[in-house]
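Here is what each chain is made of, one letter per residue.
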Amino acid sequence: MAQESPKNSAAEIPVTSNGEVDDSHEHGFNRDLKHSLPSGLGLSETQITSHGFDSTKEGVVEAGAFQGSPALPLPSVMSPSRVAASRLAHQGSDLIVPAGGQRTQTKSGPVILADEIKNPAMEKLELVRKWSLNTYKCTRQIISEKLGRGSRTVDLELEAQIDILRDNKKKYENILKLAQTLSTQLFQMVHTQRQLGDAFADLSLKSLELHEEFGYNANTQKLLAKNGETLLGAINFFIASVNTLVNKTIEDTLMTVKQYESARIEYDAYRTDLEELNLGPRDANTLPKIEQSQHLFQAHKEKYDKMRNDVSIKLKFLEENKVKVLHNQLVLFHNAIAAYFAGNQKQLEQTLKQFHIKLKTPGVDAPSWLEEQ
């Protein structure tokens, strides 16, 4: 029963006639509460937090240390509660409770990107438009040149070198084809001679009366087959070198020539377009077109000059490389053929050593890695 009196006094808050809260009950409640606490705790300050159900205000009533005799209570100080601050912080991210107790509402606006997002479909459409316009102008230039109506830029010295290169390529391709035919026929002849030598050797063992005659022919055919294999190695080396020269080195130069010709057609197409615009009237509508055409013409002129310089350099290096390669290969081919038909086996082998040609022994596989070790 002694513990129920504080609860009853705290539950009933008397109000005076003018609407103010009577402080005498509150002071009595604080005094009774201090008497009920043990004196050994040594509490110098007690905080009582009151929560209103229909009020948004919260506060902390701070009371001074108990002096032992009933006296007038210290004036209560109202300060914001930490519970209220945390409650306001959880209500929404837009409400911020600073240390001073004032609530600030922050406004969040739409996020604006600094860079504009480019549409890939529009970029592709623009590329297709430029490609179509360039193709149309180049096609018109080609047709006008074939009909004899349009003019074309011609470098006489460079065009003559390109014509000679194309003609030489056709001749080298013919030599390559004939050399491959010779190699095929020589391979068949060597294969036949080897079989014939084996047949003579077999008969020399079975025919005692003609043992020596079959033996001579067997040795001769085997020697011819061996020399033929040596000659075949030289011819195949000649074919491989000429094939590299024709189908790689010369072909690479001709690819650059094709790029040069395409650049020349574009240059003439934009040159013709600029000339037509210059012959027309000059007003506010045509001046921007003339400036744009002049800019495109200058860009294609620089490209044409660059490609012409590249072709000239490649033709120069190709000529030097062609002379060096063909000189060595022609010497090899001549010495090998001459030594073979002269029956000079040592000279034939010396020719292959001179050009570092290694022959593969027929029927012998490459050594294994264990044998190489």
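Predicted model, so just to flag it, every value in this text is computed and none were measured.

1. Topic: the confidence of the model for the chain
Step number 1: Counting all residues, the mean pLDDT for the chain is 74, and 64% of those residues have values of 70 or more.
Step number 2: Throughout residues 36–80 the model reports pLDDT below 50, and contacts reaching past four residues in sequence, or to other chains, amount to 44 contacts.
Step number 3: Every residue in residues 92–115 scores below 50 in pLDDT, and together they form 17 contacts with partners more than four places removed in sequence or on other chains.

2. Regarding the packing of aromatic side chains
Step number 1: Tallied over the full model, the rule gives six aromatic pairs.
Step number 2: Judged by centre distance (5.0 Å) and plane angle (5°), the ring pair of Tyr267 and Tyr304 falls under stacked. Of this pair, Tyr267 sits in helix α6 (residues 211–279) while Tyr304 sits in helix α7 (residues 286–342); the two residues are 37 residues apart in sequence, bridging distant segments of the chain. Comparing Tyr267 with Tyr304 shows no difference in burial state: the two are buried.
Step number 3: Grouping aromatic residues by their ring pairs yields a cluster made of Tyr260, Tyr267, Phe297 and Tyr304.

3. Comments concerning the side chain of His300
Step number 1: By the secondary structure assignment, His300 is in helix α7.
Step number 2: Residue His300 is classed as buried on the basis of its relative accessible area of 13%.
Step number 3: With residues near it in sequence (within four places) discarded, His300 still touches Asn134, Glu266, Tyr267 and Tyr270.

4. Here's the deal with the side chain of Ser144
Step number 1: Here Ser144 lies in helix α4 (residues 120–146).
Step number 2: Discounting residues that sit within four places of it in the chain, Ser144 has contacts with Arg149 and Gly150.

5. Observations concerning the packing of α7 against helix α8 (residues 345–354)
Step number 1: With their axes 8 Å apart at the nearest point, α7 and α8 run at an angle of 160° to one another. When the axes of α7 and α8 are compared, the pair comes out roughly antiparallel. Here α7 and α8 pass one another in a crossing that is left-handed. Two secondary-structure elements touch here, α7 through Leu332, Asn335, Ala336, Ala339 and Tyr340 and α8 through Gln347, Leu348, Thr351 and Gln354.
Step number 2: Looking at the contact of α7 with α8 residue by residue, the classes come out as five nonpolar, four polar and no charged.

6. Quick look at the packing of α6 against α7
Step number 1: Where α6 contacts α7, the axes come no closer than 8 Å and their chain directions differ by 165°. As far as their axial angle goes, α7 and α6 are roughly antiparallel. In terms of crossing hand, the pair formed by α6 and α7 is left-handed.
Step number 2: Grouping the amino acids of the contact of α6 with α7 by side-chain chemistry returns 31 nonpolar, 13 polar and 12 charged.

Calculation criteria
Residues numbered from 1 in each chain as written. Predicted model: local features only at pLDDT ≥ 70, side-chain atom pairs only at ≥ 80, totals over all residues. Heavy atoms only, no water. pLDDT = per-residue confidence, 0-100. Contact = heavy atoms within 4.5 Å. Phe/Tyr/Trp six-rings, centres within 6.5 Å; stacked < 30°, edge-to-face > 60°. Helix = DSSP H or I, 4+ residues; strand = E, 2+ residues; numbered from the N terminus. Buried < 20%, exposed > 50% of the residue type's maximum accessible area, 1.4 Å probe, protein only. Axes fitted to C-alpha atoms, helices over the stretch in contact; angles between N-to-C directions. Parallel < 35°, antiparallel > 145°, perpendicular 65-115°, else oblique. Left-handed = near helix turned anticlockwise from the far one by under 90°. Nonpolar A, V, L, I, M, F, W, Y, C, P; charged D, E, K, R; others polar.

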